Amino acid sequence: MSVLARLAARAPVPVFVAPGLGGSDAARRLLGRSELDVVTSPRHAAVLLVVGAVTSDLLGPLAQVHDQLAHPRSTVWWSGRPDEPLWAELPGTAALLTDDPVPVVSERWRALLAGDETEPDLGADRPANAWEGVGPFGQGGEGMMGGTPYGRPMAMTGDDRDGLVLDQLHMRIGPFLPAFPVGLALDVVVQGELVQEVTSIVDLVEDRTGVRGGRIDADDEVFTRALTENVPIAELELARARHHLGALAAALVAGGLSSLGFAVAHVAATSRPDRRDVARLTRRIAWSGWTGWTNAGLGMIDEAGAAAMGGPCLRAAGIGEDLRTQQAAYRQLGFAPVVGTRGDVAGRWRQRLAEVDQSLQIAARAEPLGLVSEPGAVEAPEGNRQADGSGDHEQVGDRLAHVLADRDWDDFMATIVSLDLRFDVERAGRPLEAA
Amino acid sequence: MNVTSAPLWLSPLVVVALLVVGAYATAVLDVLATVVLARRWRPNPFTTPVFRLAAMLTRSSVRTERPDRALSMLAPAAYAALIAAGLCVVPLADGWSVADLPAGLVLWGTVEALLIIVVFIRGWAPNSPMALLAAYRYTAVGLSYILLSMFVLIAVALPAESLQLSTIVESQAGLWNVVRQPLGLPLFAVVALGATFWGPLDLAESGDLAGGTSAESTGVSHAAWLVARAGGLAAFSAMTATAFLGGWQGPWLPGAAWLAIKTLAVLAGLVAARQLFARVPAERFVSIAWTVLLPLAFLDLVIAAIGSL
């Protein structure tokens, strides 16, 4: 190994995390690992870490992300590797089902620096459409106005909100944009940094017939079990608290508060988060402006939108609906939903922090009493889930385009992240794991 | 003695050394801030930046489709060159600066304005949507903090009755500008954060745009850009120390040592801002800049003018 490689081997491993089905919570907890440098662009990564199971629809975008990693590169599957020849023949790819992927990732990094073979591109390096232009950048030629000359969308003009006529760019974002919901891709129209319109919402984890790999997140499995059997309330509430903390950690890192995000991720990774730690972090988060002036007014959604989102989004907007109020054990504990006053980004994060604190209190009180939940419907972290597979998630798609349209990029991303959309949870007939 | 009277080969070496040391100090402080504030993440702050730089240098360069290659190469070099030009006019000790220009303050203001263009170039060059969006967003707020800078720096020049930075430092012999113009330093800190797209004003390299202007950058180019940016933060800290904290002036220690201490103190504050404050949305910052910060800058100018009578 050269001197440069030896120095590089001692750096945190630059890794791009691609969460799949049942992997979002585990992916978020990796943020707090000092051995890893979880990067926001695949260009900056040496290792692509796929967390959770992968659907057929996700394989295409995953291949595109893979090809964006600079050489030398390697892929690590934290669950199971697809058996398609395209992926199976990659050299140096490690498949594992262990609890901690970090040692494997570190080993792959050192192997790459020592001269191990890099992974070739999965896609062909050629333009999507045939050359039609005259000039060196595809310009000119017949029938070139609009459309996709030379395989690239051409920015045509359109009206903007200030009465001007400016270029509009049509593009797809996701599913592996940092902090984006698992499996979600959006076709958007962007004018400058304003997202004018969401033209389509693509759920790349809806079709689970070709799922490869297995579940990583044990926490979400608790809520699935609660649909059909009695589950200790303490277990449910601790899982809820960990989920919300993980979502917050990812949002903080994406929002530029990396040390706070690391600290929250570390607390989220503990089996029983400490209320004092959560209180301390809540104060720091408030002081940073995250749950105050920085995000106040962003991502405001109306009552109809909040009702479609369900869960903490609904309660943050002032509507105190919570399935837990219908369960005797929760009533015995004196449970009352935490209800916010503002349906904006700041309000939703304040709501989640309050619900984390409430969950930890409930868990502490319920455990010595041995209280259990009733099967049927469950108030999951994202909202209600029914035993027949229905729930709050079904209405999200109808409202999401309306909620996200006409927002600056900051507002747009902060809104999506604050909604904590869960397309990847287990539903009846839509398993998370390979058969 | 003016350093420009020294051999010509010395001046670039001094500036490059300042840039490199400044960039290293920024990186060390950044890791330290994360270690202290996260309380759980404990890499060595002195070696981690070196290891990270080595890791970046081991990555190959990537070429996007139809990039502007000239601009791709120009951006990090131009950023570093502009920062170096700005450092040239900072008095390093009594009578020592690389280029003690009579209008050094104007040169610094010019550097700030040109940095906006360089960052836009950086986002434009790869022909990639995320990088371009970041460039748009960064440029959209650029005028807001450049105007702030203009008024704050004029206020600093008033008591000295000069645009020459050595004279501005000497004018603080009795009282530092941070005392007689208390609004100036915090406003200039906002300018520093904006020009180096750091912390709450990191609208060019943020995670919500997958790395922004650096989304498609890797290898030597990426490393060079980050080093230039870190050096920029150190340079702005040095300018803050010069304009508001008396520069090299201080008892017992050599002037250069005092400048270094003051620069490090300012740098620590700016670096910590990244870990302490959430990123401000672009539109929100523009509103705050024009409705709150700019009036405060006017007030700062009035205070300076009255104090100079």
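Read on for a plain summary of the structure. In this text, all values refer to a predicted model and were calculated from it rather than measured experimentally.

**Focus: the overall build of chain B**
The helix and strand inventory of chain B stands at 11 helices and 0 strands. Each helix and strand of chain B, placed in order from N terminus to C terminus, yields the pattern α-α-α-α-α-α-α-α-α-α-α. Its C-alpha atoms give chain B a radius of gyration of 19 Å, near enough to 19 Å, the size a compact globule of 309 residues would have. The principal-axis extent of the C-alpha atoms belonging to chain B is close to 60 × 45 × 45 Å. When burial is assessed residue by residue, chain B has 58% of its 309 residues classed as buried. Within chain B, counting contacts between residues at least 6 apart in sequence, those at least 24 apart form 77% of the total. By element, 75% of the accessible surface of chain B is carried by carbon and sulfur atoms, the whole surface being about 11700 Å².

**Things to note about the interface of chain A and chain B**
In this assembly, 60 residues from chain A lie in contact with 48 residues from chain B. On the chain A side of the interface with chain B, the three residues burying the most area are Arg43, His44 and Asp410 of chain A, jointly 13% of the side's total. Our count for the chain A to chain B interface comes out at 3 salt bridges. Measuring nitrogen to oxygen at the nearest pair gives 3.4 Å for the salt bridge that ties Asp37 of chain A to Arg52 of chain B. In this assembly, chain A and chain B are joined by 23 residue pairs in polar contact (both at pLDDT 80 or more). Counting residues per element, the ones that place at least two in the side of chain A that touches chain B are helix H1 (3-9), helix H5 (102-113), strand E7 (165-173), helix H8 (258-268), helix H9 (275-288) and helix H15 (409-419) of chain A.

**Remarks on the sheet that holds strand E8 (residues 184-191) of chain A**
All names here are of chain A. The strand order across the open sheet built from 5 strands is E6-E7-E8-E9-E12, with neighbouring strands paired in antiparallel fashion. Strands with a single pairing partner mark the edges of an open sheet, and in this sheet they are strand E6 (156-159) and strand E12 (407-408). As paired strands, E6 and E7 are joined by 4 bridges and run antiparallel to one another. Residue Asp159 lies in a different strand from E7, and its bridge partner there is Val165.

**A closer look at H8 of chain A**
With respect to burial, H8 of chain A is a largely interior element, 10 of its 11 residues being buried. Within H8 of chain A, burial applies to Ser258, Ser259, Leu260, Gly261, Phe262, Ala263, Val264, Ala265, Val267 and Ala268 of chain A.

**Here's the deal with the pairing of strand E9 (residues 194-203) of chain A**
Residues and elements named next belong to chain A. Where E8 lies against E9, 8 bridges are found, and the strand directions are antiparallel. Residue Asp187 lies in a different strand from E9, and its bridge partner there is Ser200. Hairpin connection of E8 to E9: 2 residues between the antiparallel strands, including Gly192 at a positive phi of 65°. Note: E9 against E12, 2 bridges, orientation antiparallel. Paired with Leu194 across the bridge in E12 is Asp408.

**Some words on the environment of Asp411 of chain A**
Positionally, Asp411 of chain A belongs in helix H15. Beyond its immediate chain neighbours, meaning those up to four positions away, Asp411 of chain A contacts Leu298 and Gly299 of chain A.

**Section: the side chain of Glu382 of chain A**
Residue and element names in this part refer to chain A. Mapped onto the elements, Glu382 comes out in the loop between strand E10 (378-380) and strand E11 (383-385). Residue classification places Glu382 among the buried residues on the basis of a relative accessible area of 9%. A polar atom in the side chain of Glu382 sits 2.7 Å from the side chain of Arg385.

Definitions and cut-offs
Residues numbered from 1 in each chain as written. Chains lettered and ligands numbered in written order. Predicted model: local features only at pLDDT ≥ 70, side-chain atom pairs only at ≥ 80, totals over all residues. Heavy atoms only, no water. Helix = DSSP H or I, 4+ residues; strand = E, 2+ residues; numbered from the N terminus. Rg over C-alpha atoms; globule rule 2.2 N^0.38 Å. Buried < 20%, exposed > 50% of the residue type's maximum accessible area, 1.4 Å probe, protein only. Contact = heavy atoms within 4.5 Å. Areas by Shrake-Rupley, 256 points an atom, 1.4 Å probe, with all protein chains shown as cover. Buried area = accessible area lost by both parts, 1.4 Å probe. Salt bridge = Lys/Arg side-chain N within 4 Å of Asp/Glu carboxyl O. Polar contact = N/O pair within 3.5 Å; in protein donor to acceptor, adjacent residues only side chain to side chain. Pairing = 2+ DSSP bridges.

Purely geometric numbers; function is a separate question.
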